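So the chains spell out like this:
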Amino acid sequence: MSMLTRARTPRTPDTSGTPRTVAARRPPLTVIAAMVVLALVVIAALLHPLVMDWALTQNVALGPVGTGVEGHVFGTDQLGRDVLALSLAGARSALGGPILVALGSMLIGVVLGGTAGYRGGSLDFLAGRYTDLLLALPATLLAIVVAGVLGGGYWVTAVVLIVLFSPSDVRLVRAAVMEQRPLPYIEAARVSGISGPRVLFRHIAPNVLPIVVANALLNVAFALVAFSSLSYLGLGVPPGTPDWGRQLADGRDLLGSNPMVTIVPGLLIIATATAVNLVGDWLEGRLNSEAVER
Amino acid sequence: MSEGRARPLVAYTLRRLLGAVALLFVLSVVVFSLIYWAPGDIARNLLGNRQVTPESLAAVRRQYHLDQPFVVQYAGWLRAALHGDFGRSIRTGEPVGGLIRDRIGVTAAICGLAFVLSVVGGVAAGIACAVRRGSWLDRILVSGSVLGVSAPAFAVGLLLLYVFAVWLGWFPFYGTGDGLLDGLWHLALPALTLAIGLAAFVVKLTRAAVARELDADYVVFARSRGLGRGAVLRIVLRNAAVPIVTSLGLLLAYLFGGTVLVEVTFALPGAGALMQDAVEFKDFPVVQALTLAVGLIVTLSAVVVDVVYLLVDPRLRGRVSHR
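Everything numeric in this text was worked out from a predicted model, so none of it was measured. (Residues numbered from 1 in each chain as written. Chains lettered and ligands numbered in written order. Predicted model: local features only at pLDDT ≥ 70, side-chain atom pairs only at ≥ 80, totals over all residues. Heavy atoms only, no water.)

A.B. asks: Help me understand the interface of chain A and chain B, please; the structure alone is not making it clear to me.
C.D. replies: Size of an interface: often given as the accessible area lost when the parts come together. Contact residues are listed per partner, giving 48 residues for chain A and 54 residues for chain B. Where chain A abuts chain B, roughly 4,700 Å² becomes buried across the two surfaces, and 77% of that area is made up of carbon and sulfur atoms. Connecting chain A to chain B are one salt bridge. The residue Asp281 of chain A makes a salt bridge to Lys204 of chain B at a minimum N-O spacing of 4.0 Å. On inspection of chain A and its partner chain B, the count reaches four residue pairs in polar contact (both at pLDDT 80 or more). (Contact = heavy atoms within 4.5 Å. Buried area = accessible area lost by both parts, 1.4 Å probe. Salt bridge = Lys/Arg side-chain N within 4 Å of Asp/Glu carboxyl O. Polar contact = N/O pair within 3.5 Å; in protein donor to acceptor, adjacent residues only side chain to side chain.)

Here you go:
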């Protein structure tokens, strides 16, 4: 999918039909593989300070050479930078921005969606129009327009994506809070004189949080796609930053001389986004089935 | 349909159209104000290579009404836009309407091809998954759809470009080709790139919708009465079609986002590539007009899909009038 599809992707219901035993709780093989991929990307992101110098070392005279030349495992790009080093260094930007976007969007969702679902009234109406407006528009296009008009850059892109991602969180939290609100334990808390915000954040929040966290994980996958798409168009991270999207933009013109400039970060983006999605789907399915059992 | 029954439908359509107009209005204000408050001086952009003096800047500001307050500027733009005049491109000086008209053909061709490919392939695969849930085919297609939903269009496009155009040499590297067959050959890879993500979405959607219907009581009842699998599936598909077709309208919104990435990747002279250029060169009249054009198509198609469904499915009609 292009990007920013999180808001309307239907969740496939759990229809495997297997009885819920302890064995069924163990993650399936694909999810374990996804967790391994993610662990490797996280390690690469943590090693960032160590590979950064190597990644930024230019050798313009060398230019783009293919696999294996002068000890470059995947060759070099047009500036003579090592493709392997750049791809390793790009892991941080691939995870950092999207995690920021997911957390920011989650925060808006919890505060706005939670308050709207709990209080109702005019605030709920406004929150509803806000989500309607953003979900009715082609988000990818809006991200390109807004980030482009504002001149791009890391923080601008992050804020734009937070705003564009937030409607799905607002809707999710609002619905979950409205589901909890009429339950006896909330009524008991209210009757015993506990203040509204306290009921919302101390009593309702713990029951809503697991679903919100699973959703945030899925948002990371879509934010990764969105962020790298904007970087590919020259709007996300600034030029010169090791970033998978930027590498692909450079790699397009180098498909003839060194295709690895494109292939390595391209496969990394696809693998990482898929891995985050698989883990997120699995987590969400598990939480939902637990909620049903309770 | 009698007149009494038609009235809620007409009211609903009008309400939705009003909503669409309001949405487009808000969108135009948002984009206009973004441009108004964006960093950088539009007057300097307009001057281009000409000499920048205080006098020339003031002259350009007067000419483009940039010295007017925001509301006056917006009102002026809106009045002209309602008459079909979206101004001139800052970069080329051409009228924006003509510029977009020249580019829209390529975009329509890619999006149309991708839409057909993804719907035909996605619906068929989704039905196959739902009917044989838990089979190896189902598991492969469901995992594949996660992959398809996760993979960004530009990464898929570049990998396809490398494998099929550079390595195998089966498809051309760039260009749109001449004539119908050559054109199709040139647009095959871009359309396929765009279709992969959409198809993955359609598979998920169709599988969920058909699976839900297959689990319904009426299926058990129909089977126990001795209806054949084929006959039952026909009923199931009719019922599952509602959510599927409604969501297909939403797919349009993704098409327009994805087409920017695909056109840039395959160096195609479409409206998406125009958008990327316009954003890069701060060609604001083009950005504004293109954003609204896409907004118009997306909101109108959403309204059309919903209204068509009310016409087709009488059960939904009752729900509308009660709302």
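A.B. asks: I keep staring at the packing of helix H5 (residues 96-131) of chain B against helix H11 (residues 271-280) of chain B and nothing clicks. Help me out?
C.D. replies: In a pair of packed helices, the angle between the axes and the distance between the axes together describe the arrangement. Residues and elements named next belong to chain B. In the contact formed by H5 and H11, the axes pass within 7 Å of each other and the chain directions differ by 130°. Overall, the two elements H5 and H11 adopt an arrangement that is oblique. Along its contact with H5, which presents Leu99, Ile100, Arg103, Ile104 and Thr107, the element H11 presents Ala271, Gly272, Ala273, Leu274 and Asp277. Per-class residue counts for the contact of H5 with H11 are six nonpolar, two polar and two charged. (Axes fitted to C-alpha atoms, helices over the stretch in contact; angles between N-to-C directions. Helix = DSSP H or I, 4+ residues; strand = E, 2+ residues; numbered from the N terminus. Parallel < 35°, antiparallel > 145°, perpendicular 65-115°, else oblique. Nonpolar A, V, L, I, M, F, W, Y, C, P; charged D, E, K, R; others polar.)

A.B. asks: Could you clarify how one ought to interpret a nonpolar patch on the surface in this entry?
C.D. replies: Residue and element names in this part refer to chain A. A surface patch of nonpolar side chains, amounting to about 720 Å² of accessible area, comprises Leu29, Ile32, Val36, Leu40, Ile43, Leu47 and Leu50. When residues of the nonpolar patch are assigned to their parent elements, the largest contribution, five residues, is made by helix H2 (residues 29-46). Counting through the fold element by element, Ile32 comes out in helix H2. We classify Ile32 as partly exposed; its relative accessible area is 37%. (Patch = residues over 30% accessible without salt bridge, like charges linked within 9 Å, V, L, I, M, F, W, Y side chains within 5 Å. Areas by Shrake-Rupley, 256 points an atom, 1.4 Å probe, with all protein chains shown as cover. Buried < 20%, exposed > 50% of the residue type's maximum accessible area, 1.4 Å probe, protein only.)

A.B. asks: What is the right way to read the pattern of salt bridges from this model?
C.D. replies: Residue and element names in this part refer to chain A. Under the defined criterion, the tally for this structure stands at six salt bridges over all chains. Between Asp250 and Arg81 there is a salt bridge, and its shortest N-O distance comes to 3.9 Å. Pair noted here: Asp250 is in helix H10 (residues 244-251) and Arg81 is in the loop between helix H3 (48-56) and helix H4 (83-119), with a separation of 169 residues, a long-range link. Using a relative accessible area of 7% as the deciding quantity, one classes Arg81 as buried. Here Asp253 ties to Arg252 by a salt bridge, and the two come within 3.8 Å at their closest N and O atoms.

A.B. asks: Is there a simple way to explain the nonpolar core in this structure?
C.D. replies: Side chains of a nonpolar character, in soluble globular proteins, are inclined to be buried together. In terms of nonpolar packing, the biggest core is built from 117 residues, with Val149 and Leu161 of chain A touching the most fellow members. The greatest single-element share of this core, amounting to 13 residues, is contributed by helix H10 (residues 229-265) of chain B. Judged by nonpolar contacts, the second largest core, of 13 residues, contains Met106, Ala176, Ile186 and Leu200 of chain A. (Core = buried A, V, L, I, M, F, W, Y, C linked by side-chain atoms within 4.5 Å.)

It is worth stressing that arrangement in space is one thing and function is another; only the former is reported here.
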